[in-house]
Amino acid sequence: MALLNENYLKLPGSYLFAEIAKRVTQFKAENPEANIIRLGIGDVTKPLTPTVIESLHKAVDEMANAETFRGYGPEQGYNFLIKKIIETDYIPRGITLDEDEVFVSDGSKSDVGNIQEIFGVHNKVAITDPVYPVYLDTNVMAGRTGTISNGVFENVTYLPCNAENKFIPELPKEKVDLIYLCVPNNPTGTTLSRSELKKWVDYAKANNSIILFDAAYEAYIQDPELPHSIYEIEGAKDVAIEFRSFSKTAGFTGTRCAFTVVPKTVMGLTSKGEPHPLNKLWNRRQTTKFNGVPYIIQKGAEAVYSPEGQAEIKGIVSYYMDNARIIKEGLDSIGLETFGGVNAPYIWLKTPKGMDSWSFFDKLLREVHIVGTPGTGFGPAGEGYFRLTAFGNKEATIEAVERIKTKLKL
Ligand code: PLP
């Protein structure tokens with residue numbers, strides 16, 4: 001008899017997006033003429049840039065020729081890409097990394113989900129709330145949590161981030177072992193300053209904890225004072241693993257390429273208290289379970305680092321950030337309370353008059369035909385909030401904001 005991993009049964013169904021789809025379908029059936037605008041999606045809409053496309057085409061041609069054909073590549077990624085990552089994303093920020101500290105992958109979702117495998121099941125996990133749900137769900141699957149009641153899992157330290165604390169998580173009162181930080185944050189669009197991050201690095205050092213730092217949206221940071229990498233913080237190379245992705249930076253959501261930095265100085269402890277480098281474990285995990293990102297895709301990612309590629313992705317980021325500004329200014333002008341949208345492509349708003357997130361979802365859909373994402377989908381502290389994204393097309397975004405300004409009954 002094949003027994004289940006019953007931890008999976010602790011997870012509520014993928015309620016959020018199924019429920020959104022259900023409500024939108026029903027609304028459409030009742031209002032076939034409605035022109036629905038989706039500002040709920042976390043996917044990008046702009047295509048890959050010309051430089052990336054050119055590089056992808058060249059790499060496809062190489063695969064057609066026995067002399068240049070590539071089969072299995074290094075599981076950790078090709079050196080040509082890793083070198084560019086280090087030279088472009090890290091060295092200019094004063095961070096040196098060895099090539100074997102960077103692991104190229106098929107996405108940050110896989111990496112932030114898989115990383116917990118190299119840690120013992122009895123570690124205590126802390127997550128900011130609300131946040132990208134993958135961190136919590138993968139720890140539930142691994143058996144690191146108890147069961148859920150009222151939307152809250154036992155044996156998880158939730159770090160609520162809300163308007164009252166300016167979306168700055170407080171250090172936990174109890175000792176935690178694994179800390180997930182998402183900066184800039186999905187869904188709140190807020191960031192953490194250098195001094196806030198320093199507190200976490202100091203906490204991790206003092207408590208032998210590890211910070212799992214998801215920087216999928218670092219390219220959206222506009223404020224020059226804000227760090228883009230956790231390794232800009234002194235001491236972080238001893239306690240932090242960083243995740244980055246080409247998805248939101250360069251439109252690779254469907255193309256799939258990301259990377260994870262595991263410095264050789266980050267140690268976990270054996271049960272006897274002996275330190276052991278996490279880099280070795282992650283390397284073992286990846287070489288055993290992963291066979292690398294396609295050569296063609298890594299050539300596409302390499303092109304992102306050419307001068308033309310860098311200029312093109314700056315253009316994409318500013319296109320989306322202009323959408324973010326349009327949404328934020330529009331909502332602010334009618335007295336809605338908004339957060340984020342300045343250093344991230346997400347606008348997080350407080351639902352008016354204390355409405356719950358789902359009631360506001362229905363109101364927005366019915367009155368102005370706009371789809372957003374209810375805050376509760378990202379954790380219990382998301383109740384009473386709502387997420388809009390800047391990844392849409394500009395004309396549709398302008399139209400959506402106009403509708404909200406002129407037709408939404410507040
Ligand atoms: N991390 C965060 C915070 C995200 O919001 C997302 C995607 O929405 C990801 C990671 C996944 O990125 P990828 O496309 O590289 O798997």
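Relevant structure appears above.
Residues numbered from 1 in each chain as written. Predicted model: local features only at pLDDT ≥ 70, side-chain atom pairs only at ≥ 80, totals over all residues. Heavy atoms only, no water.

(A) Here's a closer look at the nonpolar core. The biggest cluster of nonpolar side chains holds 47 residues, and the ones touching the most others in it are Ile85, Ile211, Phe246, Phe252 and Cys257. Among the elements of the structure, helix 2 (50–63), helix 3 (79–90), strand 2 (102–105), strand 7 (178–182), helix 6 (194–207), strand 8 (210–214), strand 10 (258–261) and helix 9 (295–304) are those that each provide at least two residues to this core. Beyond its immediate stretch of four places on either side in the chain, Phe246 contacts Leu81, Ile85, Gly251, Phe252, Cys257, Ala258, Phe259, Ala301, Val304 and Tyr305. Formed by 41 residues, the second largest nonpolar core is a distinct cluster that contains Ile20, Ile326, Trp358 and Ile404. (Core = buried A, V, L, I, M, F, W, Y, C linked by side-chain atoms within 4.5 Å. Buried < 20%, exposed > 50% of the residue type's maximum accessible area, 1.4 Å probe, protein only. Helix = DSSP H or I, 4+ residues; strand = E, 2+ residues; numbered from the N terminus. Contact = heavy atoms within 4.5 Å.)

(B) Looking closely at the pairing of strand 10. A two-sided burial pattern is seen for strand 10, the buried positions comprising Ala258 and Thr260 on one face and Phe259 and Val261 on the other. Bridge count for strand 2 against strand 10 is four bridges, and the pairing is antiparallel. Looking at the pairing, Val104 lines up with Phe259 of strand 10. Where strand 9 (residues 240–245) and strand 10 come together, four bridges link them in antiparallel fashion. (Pairing = 2+ DSSP bridges.)

(C) Up close: the packing of aromatic side chains. As enumerated under the stated definition, the model contains 23 aromatic pairs in all. On the basis of an interplanar angle of 55° and a centroid distance of 4.8 Å, the ring pair of Phe167 and Phe339 is categorised as tilted. Taken together, the residues span a long stretch of sequence, with Phe167 in the loop between strand 6 (156–160) and strand 7 and Phe339 in strand 13 (residues 337–340) at a distance of 172 residues. You'll find Phe167 and Phe339 in the same group, each marked buried. On the numbers, 6.1 Å between centres and 75° between planes, the contact of Phe167 with Tyr385 is edge-to-face. Within this pair, whereas Phe167 is found in the loop between strand 6 and strand 7, its partner Tyr385 is found in strand 17 (residues 385–389), the two being separated by 218 residues in sequence. Tyr385 shares its class with Phe167; the two are buried. Aromatic rings pair up to connect Tyr217, Tyr220, Tyr319, Tyr320, Tyr346 and Phe391 into one cluster. (Phe/Tyr/Trp six-rings, centres within 6.5 Å; stacked < 30°, edge-to-face > 60°.)

(D) A look at the side chain of Thr190. Counting through the fold element by element, Thr190 comes out in the loop between strand 7 and helix 6. Of the polar contacts made by the side chain of Thr190, one reaches the side chain of Thr188; its length is 2.6 Å. Aside from chain neighbours lying at most four places away, what touches Thr190 is Phe167, Pro184, Asn185, Phe339 and Gly340. (Polar contact = N/O pair within 3.5 Å; in protein donor to acceptor, adjacent residues only side chain to side chain.)

(E) Structural context of the sheet that holds strand 14 (residues 346–350). Read from one edge to the other, the open sheet built from four strands follows the order 13-14-17-16, with strand pairing classed as antiparallel. Edge positions in the open sheet fall to strand 13 and strand 16 (373–374), since each of these has one partner strand only. Bridging between strand 14 and strand 17 involves five bridges; their strand directions are antiparallel. Looking at strand 17, one finds that Tyr346 is bridged to Thr389.

(F) Region of interest: helix 2. In a regular helix each residue adds 1.5 Å, so 14 residues correspond to 20 Å; helix 2 covers 20 Å between its end C-alpha atoms and thus fits that length. Inspection of helix 2 places Thr51, Val52, Ser55, Leu56 and Ala59 among the buried residues, and these make up the whole buried set. Each buried residue of helix 2 sits inside an arc of 135° when the element is viewed along its axis, so together they form one side. Opposite its buried face, helix 2 presents the exposed residues Pro50, His57, Lys58 and Asp61, each directed more than 90 degrees away. On its buried face, helix 2 is in contact with helix 9 and helix 10 (307–333). (Expected span 1.5 Å × (residues − 1). Arc of directions from axis to C-beta.)

(G) Geometry of the layout of surface pockets. One number sums up the size of the largest pocket: a volume of about 1400 Å³. If you go around the largest pocket, you meet 48 residues; those closest to its centre are Phe17, Tyr132, Pro133, Val134 and Gly377. Taken together, the elements giving at least two residues each to the lining of the largest pocket come down to helix 1 (15–30), helix 4 (108–114), strand 3 (125–129), helix 5 (134–141) and helix 7 (247–250). With five residues, the top contributor of residues to the lining of the largest pocket is helix 5. Taken together, the residues of the lining of the largest pocket break down into 24 nonpolar, 16 polar and eight charged. Taken domain by domain, the makeup of the lining of the largest pocket includes at least three residues from each of domain 1 (6–47 + 309–407) and domain 2 (53–306). Approximately 560 Å³ is the volume attributed to the second largest pocket. A total of five residues in the lining of the second largest pocket trace back to one element, the largest contributor, which is helix 10. For the lining of the second largest pocket, a count of residues per class yields eleven nonpolar, seven polar and five charged. (1 Å grid on protein atoms, 1.4 Å probe; cavity = no way out; pocket = protein on both sides within 12 Å on 5 of 7 lines; lining within 4 Å. Points joined across faces, edges and corners; volume = space filled by probe spheres on them. Nonpolar A, V, L, I, M, F, W, Y, C, P; charged D, E, K, R; others polar. Domains from an automatic or database assignment.)

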